[in-house]
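# Understanding the architecture of this molecule
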Amino acid sequence: MRKRRMVAPAAASLSVALLAAGCGGGGGGVTEATGTLEDPITVQWGEPQSELVPTNSNDTFGSQVFNPMFTGLVEYDPNTFEARNAMAKSIERADDKKTYTVELKEGWKFHDGEEVTADNFVRAWNYAAYAPNGQQQANMFKRIQGYDEVHPADPDGDGPKKPPEPSAEKMSGLEVVDDHTFKITLKQPFTAFPSKLGYQTFVPLPESFFEDKEGFAEHPIGNGPYKFESRSPSQSLTMTRYEDYKGEDAGNVDAVKLVVYEKAQTAYQDLKSDNLDVINTVPTSAQADGRWKEELGDQAISKERMGLTTLSLPLYQEKFQNPDLRKAISLAIDRKQIVETVFNGSATAADGWTAPSMPGRTDGTCGQWCEYDPAKAKEHLEKAGGFDGQMTLSYNADGAHKQWMTAVAGSIRDTLGLNVTLNGVPTFSTFQDKMDNQEMSGPYRYGWVADYPTPRTFLNPLYSTSGSANYTGYSNEKFDSMIGEADQAATKNEANELYGEAEKQLAEDMPSIPLFTQTVKGARSERLAEGTLNTRTNIAITSLKVAEPTQ
């Protein structure tokens, strides 16, 4: 199952141990040594929930490591999110519209010197898909012919029955032609497939991974612009620039240190105090009246985010199974006021279930249900038979969510006259476990960032019956069928139109409540002349460039 693709908590409090050891970085100004292993550029990070193996990690903190450490067939532009070939010299689709021939660029090597060949891709993908290996990213390969043989379906989900044993160890749809060519055959045409290949799970893995998987997780070896240097679990991870990288985006800084924070406010203060060089989260308290931009000036980073925040609903709880209640809650939330008062206008009120900047999305699919309408909200609450007892809204307390969640709860409480309370779950990991185990008692904060540039990345994983991140328990055969039809459309434009129609079905059922898309907000220290965040909220490591020395 491919779960845990929720946006991880805003990385956020430098540990006392790190501060005592003087490992925060940044404080000495710009010198000739800045950006070296002795004086690395430091960036805000958070401890990944899963091991550092691309096929077995889903959270954004893992992605912050994998993005600079590995390069796949395709990569995404950090500013536009457009897909472009990386290790792939070409990806050609056959007339049957389901067979692709991939030709690799030559001369690429892993950080340990091993040449990257077609077999490194095929072997890694087969490993990820093979059920006994238990990889979280397995179902990213379910479109490939032979997946069902290596990963038989579980007959009752998380029930007592076990899936049958695989009848094969390798997918029949993967074929190595020569050292730099391989073929991919899908079960059926899937228009969006080439766009998906930039996602982290499709990277190649070296021989060293298969020889010592546990050792690899502790010291990953990739083929990207940066290589692993060292790690102190729950504290930091350091990577250095790979001098023999063959790609275009090779990076500028020689050494970067990812530092674990637990509170966004602490990271923000460290940046202002020159103890941290880059942050990818600005605490909500600093956003009031645009204070963060006044305080940071030219150091501030702001751009549109390829993500969406929702108030998701546990449909497995009987009291939330009535769509009229779900619509009443949505109608009771004054999104525009929250955007203005809490986010100081630096967010966009949601009008559907995909990010506003997503290429090919259909605008306004949520329609009237995403508009603030107290009278209609009360009408639908009455149609639902009211709501007895306390409604508890949950969020992970280690992210910058309390202030806006308080505003959402207040809007629902004031509009519908319900007893609405908040529950701050201490850590993202615990919060995710509650979603995995269907233990949410009421509505909860949920965030999703795009894996690849098509509306499907928001719709299929979260709302298809077998969706890898379908935590709500939503299931609608019509929606599933519409997604299937869109997947097999003849062109990308036709597919996007059909995805839009499927999204309109969500407006009838309201399995989750779209809230807003926040602007990607961050900042860099004066030790950096350049540096940005990508549209998926991660710090673009290769964009960092040290300023001219001051001494």
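The coordinates are above.
Below is a short write-up of the structure. The model shown is predicted, which means the values in this text are computed figures rather than measured ones. (Residues numbered from 1 in each chain as written. Predicted model: local features only at pLDDT ≥ 70, side-chain atom pairs only at ≥ 80, totals over all residues. Heavy atoms only, no water.)

## Quick look at the overall build of the chain
Under the convention used in this document: Put simply, DSSP marks the helices as runs of H or I at least four residues long and the strands as runs of E at least two long, and each gets a number from the N terminus on. Both definitions apply: the radius of gyration is a C-alpha atom measure, and the globule rule equals 2.2 Å times residues to the power 0.38. Between buried and exposed lies partly exposed: a residue is buried under 20% and exposed over 50% of the maximum accessible area for its type, with that area taken using a 1.4 Å probe on protein chains only. Only the protein chains shown count as cover for residues, and all accessible areas are computed by the Shrake-Rupley method using a 1.4 Å probe.
Each helix and strand counted, the chain has 18 helices and 21 strands in total. Whereas a compact globule of 551 residues would reach a radius of gyration of roughly 24 Å, the chain reaches 23 Å, a difference of no more than 12%. A total of 551 residues make up the chain; the buried ones form 59% of that total. Surface exposure of the chain reaches about 21200 Å², of which carbon and sulfur atoms provide 43%.

## Section: the pattern of salt bridges
Defined as follows: Counted as salt bridges are all cases of a side-chain nitrogen of Lys or Arg within 4 Å of a carboxyl oxygen of Asp or Glu.
Here the structure, examined in full by the defined rule, presents 18 salt bridges. Between aspartate 77 and arginine 84 there is a salt bridge whose closest N-O contact spans 2.9 Å. Taking the shortest distance from any N to any O, the salt bridge between arginine 361 and aspartate 363 comes out at 3.0 Å. By relative accessible area, arginine 361 is classed as buried at 13%. Owing to a relative accessible area of 56%, aspartate 363 belongs among the exposed residues under this scheme.

## Looking at the sheet that holds strand S4 (residues 88-93)
Stated precisely, the cut-off is as follows: DSSP calls a pair of strands paired once it identifies at least 2 bridges connecting them. Orientation is described by lines fitted to C-alpha atoms, with helices fitted over the stretch in contact, and by angles between N-to-C directions that extend from 0 to 180 degrees. Should any heavy atoms of two residues lie within 4.5 Å, those residues are considered in contact.
Taken in spatial order, the four strands of this open sheet run S4-S5-S7-S6, and their pairing is antiparallel. At either margin of the open sheet sits one strand with a lone partner, and together these are S4 and strand S6 (174-178). Neighbour to neighbour, the strand axes of the sheet diverge by 20° on average, direction disregarded. As judged from the five bridges shared by strand S5 (residues 99-104) and strand S7 (residues 181-185), these two strands associate in the antiparallel manner. For threonine 99, the partnering residue across the bridge sits in S7 and is threonine 185. Contacts from helix H3 (residues 118-129) reach S5, S6 and S7, with the element oriented near 170° to S6.

## With respect to the packing of aromatic side chains
For the record, the criterion: Within 6.5 Å between ring centres, the rings of Phe, Tyr and Trp (the latter by its six-membered ring) count as paired, and their orientation is classed by plane angle as stacked under 30 degrees, edge-to-face over 60, tilted in between.
For the structure shown, the criterion picks out 23 aromatic pairs. With a centroid separation of 5.3 Å and 80° between ring planes, the pair formed by tryptophan 125 and phenylalanine 202 is classed as edge-to-face. Taken as a pair, tryptophan 125 in helix H3 and phenylalanine 202 in the loop between helix H5 (193-196) and helix H6 (207-211) lie far apart in primary sequence, 77 residues in all. Taking the centre distance of 6.5 Å and the plane angle of 75° together, the rings of tyrosine 463 and tyrosine 474 count as edge-to-face.

## Section: the side chain of glutamine 299
With respect to the helices and strands, the residue glutamine 299 is situated in the loop between helix H10 (291-296) and strand S12 (300-303). If we skip the residues at most four places from it in the chain, glutamine 299 touches Gly522, Ala523, Arg524, Ser525 and Glu526.

## Examining a negative patch on the surface
Stated formally: Think of a patch as exposed residues, more than 30% relative accessible area, with no salt bridge, where like charges cluster within 9 Å and nonpolar side chains (Val, Leu, Ile, Met, Phe, Trp, Tyr) cluster within 5 Å. Positive: Lys, Arg. Negative: Asp, Glu. His and the chain ends are not part of the count. Think of each charge as sitting on NZ of Lys, CZ of Arg, CG of Asp or CD of Glu.
A cluster of like negative charges, contributed by Glu51, Glu211, Asp212, Glu214 and Glu218, occupies part of the molecular surface. Note that aspartate 212 resides in the loop between H6 and helix H7 (213-218). Using a relative accessible area of 43% as the deciding quantity, one classes aspartate 212 as partly exposed.

## Focus on unusual backbone geometry
A positive phi angle is found at lysine 97, which is not glycine, with a value near 65°. With respect to the element layout, lysine 97 can be found in the loop between S4 and S5. The class of lysine 97 is partly exposed, set by a relative accessible area of 35%. Its identity as a non-glycine residue notwithstanding, serine 234 has a phi of 70°, on the positive side. Turning to its location among the elements, serine 234 is positioned in the loop between strand S8 (226-232) and strand S9 (236-241). Looking at serine 234, the relative accessible area reads 49%, which means it is partly exposed.

## Digging into the state of the cysteines
Here is the rule: To count as a disulfide, a pair of cysteine sulfur atoms needs to be within 2.5 Å.
Inspection of every chain in the model, using the stated rule, returns one disulfide. Two residues, cysteine 366 and cysteine 370, share a disulfide whose sulfurs are 2.1 Å apart. Because the sign of the S-S torsion sets the handedness, a value of about 80° for the bond joining cysteine 366 and cysteine 370 places this disulfide among the right-handed ones. Cysteine 370 carries the same exposure label as cysteine 366, and that label is buried.

## Focus on helix H8 (residues 264-272)
Filter applied, for reference: Along the arc lie the directions from the helix axis toward the C-beta atoms.
Residues of H8 that are buried include every one of Ala264, Ala267, Tyr268, Asp270 and Leu271, and no others. Across the axial projection of H8, the buried residues extend over an arc of 160°, all falling on one side. Looking at the packing, one finds that the buried side of H8 touches strand S1 (41-45), strand S11 (278-279), helix H9 (284-287), H10 and strand S19 (520-524). Note on H8: the residue one or two positions beyond its end, aspartate 274, has a positive phi of about 65°.

## Points about the pairing of strand S15 (residues 390-396)
The side chains of a regular strand alternate between the sheet's two faces. Within S15, six of the seven residues are buried, which leaves the element mostly enclosed by the surrounding structure. The pairing of S15 with strand S16 (residues 419-425) spans seven bridges and is classified as parallel. Following the sheet pairing, threonine 392 is matched in S16 by threonine 421.

These figures capture arrangement, not role.
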